Amino acid sequence: MLLADDILDEGHTLHGIREWCREQGAVEVRIAALAVKAHDRCVEGVCADYIGVEVPDRYVFGYGMDYHEQGRNLPAIYALK
Ligand SMILES: O=P(O)(O)OC[C@H]1O[C@H](OP(=O)(O)OP(=O)(O)O)[C@H](O)[C@@H]1O
Ligand SMILES: Nc1nc2[nH]cnc2c(=O)[nH]1
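Residues numbered from 1 in each chain as written. Chains lettered and ligands numbered in written order. Predicted model: local features only at pLDDT ≥ 70, side-chain atom pairs only at ≥ 80, totals over all residues. Heavy atoms only, no water.

- Going by what an unreviewed UniProt entry lists, the protein chain is known as Hypoxanthine-guanine phosphoribosyltransferase and is assigned to Lysobacter capsici AZ78.

What follows is the structure, encoded as structure tokens:
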């Protein structure tokens, strides 16, 4: 099974979904993320098998990712200061 998400930050979202998939019987669950945030706070054992781009440890938006529900349709990835 392949889980795809826009961003892997601290990993709580994908950890929860991956656990649910395993409980449902998934034999192998891999993770693909368009963006992976560069820091060492990720939930232990959660990492992306397939990475689009590594982004800095800042809030990013655009290219499908929102900032307060705005900016998802921006044609590039931007970071808050
Ligand atoms: O790795 P994490 O720290 O769990 O963060 C990543 C998650 O946060 C965002 O979802 P959010 O719940 O903000 O909803 P959205 O996708 O509607 O923006 C994003 O889409 C990821 O699913
Ligand atoms: N849009 C967006 N959602 C997130 N969820 C967790 N981190 C982020 C981030 O940097 N940007």
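Read on for the rest.
1. Let's talk about the site of ligand 2
So, point 1. Neighbouring ligand 2 are Ile7, Asp9, Lys37, Arg58, Tyr59, Val60, Met65 and Asp66.
So, point 2. Take Tyr59: an N or O atom from its side chain is 3.1 Å from a nitrogen atom of ligand 2.
So, point 3. Backbone polar atom of Val60 to a nitrogen atom of ligand 2: 2.7 Å apart, as the coordinates give it.
So, point 4. In isolation ligand 2 offers 280 Å² of accessible surface; the protein chains occlude 78% of this area.
So, point 5. Looking at the shell around ligand 2, its residues break down into four nonpolar, no polar and four charged. (Near = heavy atom within 4 Å. Polar contact = N/O pair within 3.5 Å; in protein donor to acceptor, adjacent residues only side chain to side chain. Areas by Shrake-Rupley, 256 points an atom, 1.4 Å probe, with all protein chains shown as cover. Nonpolar A, V, L, I, M, F, W, Y, C, P; charged D, E, K, R; others polar.)

2. Side note on the pattern of salt bridges
So, point 1. Tallying each qualifying case throughout the model produces seven salt bridges.
So, point 2. A salt bridge links Glu28 to Arg30, with the shortest nitrogen-to-oxygen separation between them at 2.7 Å.
So, point 3. The class for Arg30 is partly exposed, based on a relative accessible area of 35%.
So, point 4. Across the pair Arg72 and Glu69 runs a salt bridge, and its minimum N-O distance is 3.4 Å.
So, point 5. Arg72 sits in the partly exposed class, given a relative accessible area of 39%.
So, point 6. Residue Glu69 is classed as exposed on the basis of its relative accessible area, which comes to 58%.
So, point 7. Each of Glu10, Arg41 and Asp57 takes part in salt bridges that share partners, so that together they form one network. (Salt bridge = Lys/Arg side-chain N within 4 Å of Asp/Glu carboxyl O. Buried < 20%, exposed > 50% of the residue type's maximum accessible area, 1.4 Å probe, protein only.)

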